[in-house]
Amino acid sequence: MSAPALEFTAEEERRILRHGPWPPASRPDPSNRVSGKPAAIAFGRALFFDPRLSFSGAVSCATCHPPDRAWTDGLPRSRGPPSLFNLRFNRWFGWDGAQDTLWAQNLRPLLDGREMGVGPSGAARLVRSDRQLSCSYRRAFGVAPGADDAWIFVDLGKALAAFLETQVTGRTPFDDFRDALARNDAAGQARYPAAAVRGLRLFLGRGNCAFCHFGPTFTNGEFADAGVPHFIKPGRVDPGRHGGIRKLRRSPYTLLGRFNDDAQRSTAAKTRYVRLRQSNFGEFRVPGLRNVALTAPYMHAGSLETLADVARHYSTIDEERLHAGGERILRRLDLSAREQVDLVAFLKTLTEKTPLHEYVEKTGNALCR
Amino acid sequence: MARWCFGGPALAAALALVLATGQAVACARPQGWTGGARIVGELWTAWWRSKPAAIPVGAHFSIRFHLCGPPVGRVGVRGWMPDHRHGMNYRPAVTLNGLSGTAEGLMFHMPGRWQLILDVRGAAGREKLTAETVLE
């Protein structure tokens, strides 16, 4: 409280710096042979807005992930659609991490009859029979769609992944502050609001937030129980990560399966070594916090409306319930009203300065012949 | 960056015992190694090193180890955060060749104090060898 806002201990400074720089280096996904290819990105963009990929012909990916609403429809459900920012940095996909690649995650709604449900043969038939789609497929993959439905289907997931990988969030006020700190630029640091500095201190210090919300993306990419109720309806709970690992092990669409384009399996260690434990029950993926001001409602089921509600949640968390699982990171913080406001002020500085600027046109790619 | 220290009360007690009975196993750094660290136990002493040399937060790493002491039947490798009371989300695969071995697929998924634990078993008994680090 008494220390001037901008004097940090060496340890605090190290802790701040590790949340950058932004954007971090990244490379194409070796499990996806069209990752980073412009023709595949264009094809994926067109597919994202194409309702013919649904059984009903009325639902596209964008129905639940509208780009102009930060890729999430904001409707509370037992599991809400996450925003689709910064996916290329994920280790696992879905709230329960049931998928180990972005391309496999993109297949999930196409397989699920409650979402789009077109399925492998329906999707393959569509691509082979539609002039535009088969032309775009050929441009992206270098060959005409073949006879194997399963491969065409997976390739759609890969084109969608190439597109979604491009959605990396822009620079934020926090990044400017962090970089000013890194180069010892006092004037640059002074532009960061004092309330955000206080909130940042809580985030890194007493709040313990950065154990889980770690690194440039503000997530360690793993799973935790953040004390959020996980009832689907009375008497039925969402098993969270426990169910996710079991689904992963049954799935043909993983890094250990035949659809991985990387013969070396160089990114498959996570899938090979992941471990199922009782404490995975009720754990959900730690969400990244970039652009968090745009992605309400919060938590896996959208149970918290605002960031102020999130700050209150962590402030009043039910320790008895949490400690049952054994992990002791989250504590009831009992933050004062002002501290909660500071924490929210900090969280807001993780949002792009010019949000919505990169959002995609909802049109398909240029005509392909 | 990682700062390593070894032991804690349990190991201090074991060391005292070893010194008293004069059983400490002399154990030289394995041939061809530069770096690496040593954990001294009562029955076994381990040399180990990680790849990459500085353990990263939230990325897979592997270790190689070499033990001095009686024959070994099995070695388990695990990680543990004593302050949070949780281990790793991944179960490493250990390959043992005599007294040497590797463990693949480890991941320390958050910053803070971690223990790297080798559970060594053989006809002579079983022993837990613990090294400790703080990851930032």
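Use the structure listed above.
On a predicted model such as this, the values are computed, not experimentally measured, just so you know.

Undergrad: When you look at the pairing of strand β5 (residues 74–81) of chain B in this model, what are you seeing that I'm missing?
TA: Residues and elements named next belong to chain B. Judged by which residues are buried, β5 turns out to be one-sided: V75, V77, G79 and M81 face inward and are buried, whereas R74, G76, R78 and W80, on the alternate face, are not. With seven bridges joining them, β5 and strand β9 (residues 112–122) adopt antiparallel strand pairing. Bridging from a neighbouring strand, W80 pairs with Q115 of β9. In this structure, the hairpin formed by β5 and strand β6 (residues 86–87) is closed by a connection of four residues, where R85 is found at a positive phi of approximately 60°.

Undergrad: Help me understand the environment of T169(A) in this model?
TA: All names here are of chain A. For T169, the position within the fold is in the loop between α7 (149–164) and α8 (173–182). A relative accessible area of 4% places T169 in the buried class. Placed 139 residues apart in sequence, T169 and P30 show a C-alpha to C-alpha distance of 22 Å.

Undergrad: What am I meant to see in the sheet that holds strand β4 (residues 61–68) of chain B here?
TA: Remark on secondary structure: sheet strands pair via backbone hydrogen bonds, oriented parallel or antiparallel. Residue and element names in this part refer to chain B. With antiparallel pairing, the five strands of this open sheet are ordered in space as β2-β3-β4-β8-β7. Only two strands of the sheet have a single neighbouring strand rather than two, namely β2 (37–40) and β7 (93–97). Direction aside, the axes of adjacent strands within the sheet are offset by 20° on average. As judged from the four bridges shared by β2 and strand β3 (residues 45–51), these two strands associate in the antiparallel manner.

Undergrad: Can you walk me through the packing of aromatic side chains in this structure?
TA: Each aromatic ring pair is characterised by the separation of its centres together with the angle its planes make. Using the criterion set out here, one finds 19 aromatic pairs over all chains in the structure. Between the aromatic rings of W71(A) and F163(A), the centroid separation amounts to 6.2 Å while the plane-to-plane angle is 65°, which identifies the pairing as edge-to-face. Remark: F163(A) occurs in helix α7 and W71(A) occurs in the loop between α3 (61–64) and α4 (102–111); sequence separation between them is 92 residues. The same class applies to W71(A) and to F163(A), which are both buried. Taking the centre distance of 4.3 Å and the plane angle of 5° together, the rings of F108(B) and W114(B) count as stacked. Members of the aromatic cluster, joined through ring pairs, are F48(A), F49(A), W71(A) and F163(A). Its guanidinium or amino end placed over the ring of W92(A), K270(A) lies 5.6 Å from that ring's centre, counting from NZ or CZ. Over the ring of W33(B) we find R49(B); its NZ or CZ atom is 4.4 Å from the centre of that ring.

Undergrad: I keep staring at unusual backbone geometry and nothing clicks. Help me out?
TA: Where the residue is not glycine, phi is negative for most of them; where a peptide bond is considered, it is trans in most cases. Following G20(A), the chain continues to P21(A) via a peptide bond in cis, the omega torsion being -5°. Tracing the chain through its elements places P21(A) in the loop between α1 (10–17) and α2 (38–48). Here the bond from A296(A) into P297(A) is cis, since omega is -5°, no more than 30 degrees from zero. On the secondary structure map, P297(A) appears in the loop between β4 (284–285) and α13 (307–315). Of note, the phi angle at N184(A) is positive, near 60°, even though the residue is not glycine. For N184(A), the location among the structural elements is in the loop between α8 and α9 (186–190). Unusually for a residue other than glycine, R85(B) sits at a positive phi of about 60°.

Undergrad: Help me understand the pattern of salt bridges in this model?
TA: Applying the stated criterion to the full structure yields 30 salt bridges over all chains. In this structure, D176(A) engages R171(A) in a salt bridge whose closest nitrogen and oxygen atoms are separated by 3.1 Å. When the shortest N-O distance is used, the salt bridge between R113(B) and E132(B) registers 2.9 Å. Here E132(B) lies in strand β10 (residues 125–135) and R113(B) lies in strand β9, a separation of 19 residues in the sequence. The exposure class assigned to R113(B) is partly exposed, which follows from its relative accessible area of 29%. Residue classification places E132(B) among the buried residues on the basis of a relative accessible area of 15%. Through salt bridges with shared partners, a single network forms among R171(A), D176(A), R178(A), D179(A) and K353(A).

Undergrad: Hey, could you run me through the pairing of β10(B) in this one?
TA: Consecutive side chains along a regular strand alternate between the two faces of the sheet. Residue and element names in this part refer to chain B. Sheet topology note: the β9/β10 ladder contains 11 bridges and is antiparallel. Counted as the bridge partner of R113 is V134 from β10. Hairpin remark: β9 followed by β10, antiparallel, with two residues in the connecting loop.

Undergrad: Help me understand the nonpolar core, please; the structure alone is not making it clear to me.
TA: Side chains of nonpolar character tend, in soluble globular proteins, to be buried together. All names here are of chain A. Counting residues in each nonpolar core, the largest one holds 44 residues, and the members touching the most others are F43, L47, F48, L53 and Y253. Here this core takes 11 residues from α7, the largest share from any one element. Membership of the second largest hydrophobic core comes to 34 residues, among which are Y192, Y298, V310 and L347.

Undergrad: Is there a simple way to think about the state of the cysteines in this case?
TA: Here, disulfide denotes a covalent bond that connects the sulfur atoms of two cysteines. Residues and elements named next belong to chain B. Applying the stated criterion across every chain yields a total of one disulfide over all chains. Here C27 engages in a disulfide with C68; their sulfurs sit 2.0 Å apart. The sign of the S-S torsion, about 70°, decides the handedness of the disulfide formed by C27 and C68: right-handed. In this pair, C27 is assigned in the loop between α1 (9–21) and β2 and C68 in strand β4, connecting sequence segments 41 residues apart.

Undergrad: How should α8(A) be read in this particular structure?
TA: All names here are of chain A. Across the 10 residues of α8, seven count as buried, placing the element largely inside the fold. Considered for burial, the residues of α8 that qualify are F174, D175, F177, R178, D179, A180 and L181. Contacts from the buried residues of α8 go to α1, α9, α10 (194–204) and α15 (337–348). Note on α8: the residue one or two positions beyond its end, N184, has a positive phi of about 60°.

Undergrad: I'm lost on the side chain of H230(A) in this one. Help?
TA: Residue and element names in this part refer to chain A. On the secondary structure map, H230 appears in the loop between β1 (223–224) and β2 (231–233). The buried category is assigned to H230, whose relative accessible area is 12%. Reaching out from H230, the side chain makes a polar contact with the backbone oxygen of D238 at a distance of 2.7 Å. What H230 contacts, discounting residues up to four positions off in sequence, is R236, V237, D238, F281, G282, F284, H300 and R321.

Reading the values: the criteria
Residues numbered from 1 in each chain as written. Chains lettered and ligands numbered in written order. Predicted model: local features only at pLDDT ≥ 70, side-chain atom pairs only at ≥ 80, totals over all residues. Heavy atoms only, no water. Buried < 20%, exposed > 50% of the residue type's maximum accessible area, 1.4 Å probe, protein only. Helix = DSSP H or I, 4+ residues; strand = E, 2+ residues; numbered from the N terminus. Pairing = 2+ DSSP bridges. Axes fitted to C-alpha atoms, helices over the stretch in contact; angles between N-to-C directions. Phe/Tyr/Trp six-rings, centres within 6.5 Å; stacked < 30°, edge-to-face > 60°. Lys NZ or Arg CZ within 6 Å of the ring centre and 35° of its normal. Salt bridge = Lys/Arg side-chain N within 4 Å of Asp/Glu carboxyl O. Core = buried A, V, L, I, M, F, W, Y, C linked by side-chain atoms within 4.5 Å. Disulfide = S-S within 2.5 Å. Contact = heavy atoms within 4.5 Å. Polar contact = N/O pair within 3.5 Å; in protein donor to acceptor, adjacent residues only side chain to side chain.

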